[in-house]
Amino acid sequence: MPLRSRIHSLVSPRNKDSITSRIYDIVMLIAIAIGILPLMFRTQYPIFWYFDLISGICFIVDYILRWCTADFDSKRSKVAAFVVYPFTPMAIIDLLSILPIFNLLGPTFKVFRVSRLLKILRIFKVIRYFEPLEIILSVVRRQGTILITVFSLAVFYIFITALIMFNAEEQINPDTGEYLFNGFFDAFYWAACTLTTVGYGDIYPISDIGRIISVISSIVGIAIIALPSGIVTAGYMEELVNRKKKDERESEVENE
């Protein structure tokens, strides 16, 4: 097998039967973990410098390997695949995840003070190496139109509920001496919390009409929130079945 084919087999997220590919995925997951670990602490301990260096080197190697084999997963010509790859969403995330390593090299690169924020992007690299997240992303892409429709319905319902509540709840908050919903955004925030059944309790209606609206909004909100959950769950199960059938077909072809 040619060298580039071996590299592609190593970094390919669909090559789950290869032991070396699985080891590669585990190594990259560890690199991501130690790369974002410093973000969980206010104090930057000396060992975090080595964590950044190790993870940064792993990300650079991974970026180069994927760029060198970009034509394998592309429908474009070989040259076009290499040119376009750096501008693909995951490649951009990979590149931004690498930039913080320059902050370790010396004062010259202190322009990358935003490296702490860029490190947060490393968490998105998990999608490539963690199959359940990859499946969820595939489901979201396939069911995108339906999910956007449900999201639009939710936003529209939040807006309508907020508008009704903003005009119906005219009581004065005894703690502040001002209107309970001092602005429309307060009502919109309350409607979003009610729809999602979060219920922080920082803003709530105190009049009878306001409480009635809250009850109705909560009941309808449960139904609206349940819609995307059902869509994603059904899509997830369908994707698992399709992948299993695909693996079985590939195994049969290899056995023949």
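Scroll up to find the structure this text is about.
Definitions and cut-offs
Residues numbered from 1 in each chain as written. Predicted model: local features only at pLDDT ≥ 70, side-chain atom pairs only at ≥ 80, totals over all residues. Heavy atoms only, no water. Axes fitted to C-alpha atoms, helices over the stretch in contact; angles between N-to-C directions. Helix = DSSP H or I, 4+ residues; strand = E, 2+ residues; numbered from the N terminus. Parallel < 35°, antiparallel > 145°, perpendicular 65-115°, else oblique. Contact = heavy atoms within 4.5 Å. Nonpolar A, V, L, I, M, F, W, Y, C, P; charged D, E, K, R; others polar. Salt bridge = Lys/Arg side-chain N within 4 Å of Asp/Glu carboxyl O. Buried < 20%, exposed > 50% of the residue type's maximum accessible area, 1.4 Å probe, protein only. Core = buried A, V, L, I, M, F, W, Y, C linked by side-chain atoms within 4.5 Å. Phe/Tyr/Trp six-rings, centres within 6.5 Å; stacked < 30°, edge-to-face > 60°.

Engineer: Would you take a moment to explain the packing of helix α1 (residues 3-11) against helix α2 (residues 19-36) for this structure?
Structural biologist: Helix-helix packing: each pair is described by the crossing angle between the helix axes and the interaxial distance. Axis separation between α1 and α2 bottoms out at 7 Å; the angle between their running directions is 55°. Comparing their axes, α2 and α1 come out oblique. Packed against α1, whose contacting residues are S9, L10 and V11, the element α2 presents T20, S21 and Y24 at the interface. Here the contact of α1 with α2 is composed, by residue class, of three nonpolar, three polar and no charged.

Engineer: Sorry if this is basic, but what is going on with the pattern of salt bridges here?
Structural biologist: Once the charged atoms of two side chains with opposite charge are near each other, the side chains can pair. Counted by the stated rule, this structure contains one salt bridge. Of the charged contacts, one joins D62 and R66 as a salt bridge, the two residues approaching to 3.1 Å between their closest N and O atoms. Taken together, the residues span about one helical turn, with D62 and R66 both in helix α3 (residues 47-68) at a distance of four residues. For D62, a relative accessible area of 0% gives the class buried. Here R66 falls in the buried class, since its relative accessible area comes to 9%.

Engineer: Quick question: what am I supposed to make of the nonpolar core here?
Structural biologist: Soluble, globular proteins show a tendency: their nonpolar side chains are buried together. Counting 17 residues, the largest nonpolar core has Y24, M28 and F59 as the members making the most contacts within it. At the level of elements, α1, α2, α3, α5 (89-98) and α7 (126-129) are the ones that each hand at least two residues to this core. In contact with F59, other than residues within four places in its own chain, are M28, A31, I32, S97, I98, R122 and K125. If you look at the next biggest cluster of nonpolar residues, it comprises 13 residues, including A154, L195, I213 and I224.

Engineer: What is the right way to look at the packing of aromatic side chains in this model?
Structural biologist: What characterises a pair of aromatic rings is the spacing of the ring centres plus the angle enclosed by the ring planes. Tallied over the entire structure, the rule returns 10 aromatic pairs. On the numbers, 5.4 Å between centres and 45° between planes, the contact of F41 with F48 is tilted. Look at F41 and you get partly exposed, because its relative accessible area is 32%. A ring pair is formed by F159 and F184, whose centres lie 5.6 Å apart and whose planes are at 65°; its orientation type is edge-to-face. With F159 in helix α9 (residues 144-168) and F184 in helix α10 (residues 184-195), this pair connects stretches of sequence that are 25 residues apart. By relative accessible area, which is 37% here, F159 ends up partly exposed. Judged by relative accessible area, F184 falls into the partly exposed class, the value being 29%.

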